[in-house]
Amino acid sequence: MKQTLGAMLGLLLLNMVGAAAAGADTSKTLFVIHQNGKAGFIDGSGKVAIPPRFDVAWGFREGLASVQVGEKWGVIDQQGNLVAPAQFDAVRPFFEGLALIEVQRKYGFIDRHGKIVIPPQFEGADYFSEGLAAVKVSGRFGFIDRQGAMFLSPQYEDASGFSEGLAPVKEKGKWGYIDRKGKMVIAPRFASAGPFRQGLAEVGSEEGPETKFGFINRQGQLIIPLQPFGEVFFSEGLLAVPDDHGKWGFRDATGTWVIPPRFDFAHAFFEGLALVAVKEKYGFIDKAGKLVIPLRYDRVAKGFSEGLAAVKLQGKWGYIDRQGNMVIPPQFDTAWPFAGGLGEVIQGETEGYIDKTGKWIWQSGLLEEPPSPPPGKDQSFPDKPPQKKENLTYEDRRALQEILKWPEHCGPDPADLRRPDASLPPKNPSGLRFWELEPKKYLVEVKCQVGPYNDLQLYLFYDETTAPPASRLLQFERYDPGSKTIGVETETELLGSNEFQPRKKELTRFDMARGLGDCGAWFKYRINEDKGVLLEYRAKACDDKEKFDGIARPETFPLVFRRHEPVVGK
C-alpha cells in the first residue's frame, strides 16, 4: 500500500515529538531520548519523564507509545506504565483509537487499554482510516470495521485506506477507487494510486521505461499532468512541480500555474513560505511568488515549523525566523525542524534538543545514533568476537574478516583506504562501519574498492547473540527492465556512494555516471536481516547538451520503479 510523502513526514514527526503530533489527545508533550543504548522520554523542560529503559521507543500518538523490551513490543502511557505488556512481535502507532499488532505473522488490533479487540488473523493489514481498515485474507484484500466485521469482502489484489470517502484498490494489475459501498467510482487504470487530500489524489502511469505521476479529482479527471516528479503533495492549496524543461513552480487545485516555473527546485509551502533553489542556493518565497528570504543558504531542512527553519551555511546548521534573521547561529552538524517547542540537533558527538533561543534542553553526551557498544578490551581472534566497533585499523579489518567471513576478493590495498579522498574519515582506515540495528545485531559495511567518485562495497548482517556469532552476506534485489518489476537475480556488491539511515533502516545508493553528478542511477533499499529490499529506482542519462546548474539531486531523477506494498504483512 502506498504512503504519500505527507504521511511519511507525519510519522517522522511522531518519532521526534510524540504527543505533539496531530490529533494527540493530551497536552503533555514528550520527546524520545537515547542513553546507554536505551530509549526513554523527556518533557519540554528537559526533565526525564520516563527513564531510558526500553530497547526501542516510538513517539507518542493519541497519548500512547509503542516500546520494545527484548524481542517483544508493548504499549506505554505518558506516565511510563505498560498499558499493554511487551508480548507482541510488533505494535504500530494508534490511529482512531486502535493500534495494529503482529503475532506470528498474523495481524490484528488492540484498543487504548491494551485489550485485543480484533484477534491476529489477517495476512496483512493497514491502519484504520475513516472507521475502516484494509486487510488481507487468502491473498485478497477487503475492509473491516472497528468491531472486526468484514465490511467489504476480500476481492481486490491490493487496497489502501479510505480518505475523503474513497479508497484505492487494485484489480487486474491496475489501481482505481471505490466508495464506501464498494462501488468502483474511478475505473482501474493507474500504475499507482494515493489517498485523496483536498479533493485530489496522486496517481501514477507507466509510460515507456518510467512511471509518471499526476493528480486526479474525485471524478477521475487528470488535473495535474503526468510527469516524472515522484511523490509530492498539496500544502496550503499549492503544489510544487516541475515543467517539461525541469523548472519548478506551483500549481493550484485546478492545475493552473499560480507561480510560474523558474526555480531549479521547490518544496511545499509551510506556514506561508516555500523553499526554492537556484544555482545551489536556497531561499523562500511567499504565495505571490516573491522572494522574501534571499537565496543564500547551502541547504534547508524542508521548511518552516513553529516559526523557524533549519538552514545550513558554511558546513553548519542554524535556524532563521520568517524574516530571515539568524536567531540560532550555525553551529550544529545536523538539525531537524522544530516540533513541540524543541529542535533536535547533533553537535560533534552530542545529540539532544534545544529550545528556540538555542539553549540545550537535553544532551545525550556521547552520540548514540547509530548506537554502538561501549569500548572494551580487544579480545583474541577468532576465538571470541571483537568488542571494538569504531576507530578500527586496517589490522582490525584483517582480524574481523576471520569472524565475518566476507569474500576474499573484497580486500583493497591499505593505501587506498587511507587516501584523503577515499570517502572515509581519517579515524576509520579499515573501510568497515557498524550500525547496531538491535542489541548485538549489526549491519556491517565493508569497502571493497575505492574509486574517484564511486566506491564498491558489500553489506553483512552480523549477529552476536548466537554462539558462535553468525554472519550473513546481504543479497540486494535488482530491477528487471524487461518485466518492469523486481527480477529473480540479486547482487551482493553495490557500486556507488551510499548512505544508511539507522532509524529508518533505509540505504540509499547513488551510482554516479560521471563526476558532475548530473546523471546516473539512484536506489533506495529497506534493510532486513536477509536482504536489501528495493523500494525505489531512479535514473537519468547523461546529456552534454544539457545545461548543468551544479545541483546534484539524484533523488529527483526520473522515476523508473517504486515499490507499492501494505504497511505490514505483504
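The rules behind these values
Residues numbered from 1 in each chain as written. Predicted model: local features only at pLDDT ≥ 70, side-chain atom pairs only at ≥ 80, totals over all residues. Heavy atoms only, no water. Helix = DSSP H or I, 4+ residues; strand = E, 2+ residues; numbered from the N terminus. Buried < 20%, exposed > 50% of the residue type's maximum accessible area, 1.4 Å probe, protein only. Contact = heavy atoms within 4.5 Å. Areas by Shrake-Rupley, 256 points an atom, 1.4 Å probe, with all protein chains shown as cover. Phe/Tyr/Trp six-rings, centres within 6.5 Å; stacked < 30°, edge-to-face > 60°. Lys NZ or Arg CZ within 6 Å of the ring centre and 35° of its normal. Pairing = 2+ DSSP bridges. Core = buried A, V, L, I, M, F, W, Y, C linked by side-chain atoms within 4.5 Å. Polar contact = N/O pair within 3.5 Å; in protein donor to acceptor, adjacent residues only side chain to side chain. Axes fitted to C-alpha atoms, helices over the stretch in contact; angles between N-to-C directions. 1 Å grid on protein atoms, 1.4 Å probe; cavity = no way out; pocket = protein on both sides within 12 Å on 5 of 7 lines; lining within 4 Å. Points joined across faces, edges and corners; volume = space filled by probe spheres on them. Nonpolar A, V, L, I, M, F, W, Y, C, P; charged D, E, K, R; others polar.

Trainee: Can you walk me through the overall build of the protein in this structure?
Mentor: The helix and strand inventory of the protein stands at 3 helices and 49 strands. Residues counted as buried form 51% of the 570 residues belonging to the protein. Taking contacts inside the protein between residues at least 6 apart in sequence as the whole, the part at least 24 apart equals 36%. Of the roughly 25,200 Å² that the protein leaves accessible, carbon and sulfur atoms contribute 50%.

Trainee: Would you take a moment to explain the packing of aromatic side chains for this structure?
Mentor: The geometry of an aromatic ring pair comes down to the distance between the two centres and the angle between the two planes. Going through the model one piece at a time under the given rule, you end up with 22 aromatic pairs. When the ring centre of Phe162 is taken as reference, the NZ or CZ atom of Arg180 above it lies at 5.9 Å. Above the face of the Phe269 ring, Lys287 is positioned so that its terminal group lies 6.0 Å from the ring centre.

Trainee: Is there a simple way to explain the sheet that holds strand β18 (residues 174–178) in this structure?
Mentor: The pairing of strands in a sheet happens through backbone hydrogen bonds and is either parallel or antiparallel. With antiparallel pairing, the 4 strands of this open sheet are ordered in space as β16-β17-β18-β19. Each edge of the open sheet is held by one strand with a lone partner, namely β16 (158–159) and β19 (184–190). With 2 bridges connecting them, β16 and strand β17 (residues 167–171) associate as antiparallel partners. Within β17, the residue paired with Asp158 across the bridge is Lys170.

Trainee: I keep staring at the nonpolar core and nothing clicks. Help me out?
Mentor: Note on soluble globular proteins: their nonpolar side chains tend to be buried together. Counting residues in hydrophobic clusters, the biggest one holds 24 residues, and the most contacted among them are Phe250, Phe284, Ile285 and Ile320. Secondary-structure elements contributing two or more residues to this core are β25 (248–251), β26 (257–263), β27 (265–270), β28 (273–278), β29 (281–285), β30 (291–297) and β32 (308–313). Looking at this core, the element that brings in the most residues is β28, giving 5 residues. Listed in part, the 19 residues of the second largest apolar core include Leu443, Tyr459, Phe461 and Tyr537.

Trainee: Explain the side chain of Ser163 here, please?
Mentor: Relative to the helices and strands, Ser163 resides in the loop between β16 and β17. Within the local environment of Ser163, its side chain forms a polar contact with the backbone nitrogen of Phe196, the two atoms lying 2.8 Å apart. What Ser163 contacts, discounting residues up to four positions off in sequence, is Glu130, Pro195, Phe196 and Arg197.

Trainee: Can you walk me through the sheet that holds strand β1 (residues 31–35) in this structure?
Mentor: The antiparallel open sheet is built from 3 strands, whose spatial order is β1-β2-β3. Of all strands in the sheet, those with a lone pairing partner are β1 and β3 (48–54), marking the two edges. Direction aside, neighbouring strands of the sheet carry axes that sit 25 degrees apart on average. Summarising the sheet, strand β2 (residues 38–42) and β3 pair through 3 bridges and their orientation is antiparallel. Note on β3: the bridge partner recorded for Phe41 is Ile50.

Trainee: I keep staring at empty space enclosed by the protein and nothing clicks. Help me out?
Mentor: Within the structure shown, the criterion is met by 3 cavities of 30 Å³ or more. When its volume is computed, the largest cavity comes out at roughly 40 Å³. Lining the largest cavity we find Val32, Ile33, His34, Glu344, Glu351, Gly352, Tyr353, Trp362 and Arg503. Taken together, the elements giving at least two residues each to the lining of the largest cavity come down to β1 and β37 (350–354). The residue inventory of the lining of the largest cavity, partitioned by class, reads 4 nonpolar, 2 polar and 3 charged.

Trainee: Would you take a moment to explain helix α2 (residues 394–404) for this structure?
Mentor: Because each turn of an α-helix spans 3.6 residues, side chains separated by three or four positions in sequence point in the same direction. Most of α2 is tucked away, with 8 of its 11 residues classed as buried. Listing the buried residues of α2 in full gives Tyr394, Asp396, Arg397, Ala399, Leu400, Gln401, Ile403 and Leu404. Positive phi appears at Lys405, one or two residues downstream of α2, with a value of about 60 degrees.

Trainee: I tried to follow unusual backbone geometry on my own but got confused; where do I start?
Mentor: Negative phi values dominate among residues other than glycine, just as trans dominates among peptide bonds. At Glu62, a position not held by glycine, the phi torsion is positive, near 55 degrees. Residue placement: Glu62 occurs in the loop between β4 (56–57) and β5 (65–69). Here Glu62 falls in the buried class, since its relative accessible area comes to 12%. Backbone geometry at Glu236 places phi at a positive 55 degrees, although glycine is not the residue there. Residue position: Glu236 is located in the loop between β23 (222–227) and β24 (239–242).

That is the geometry; function is a separate question.
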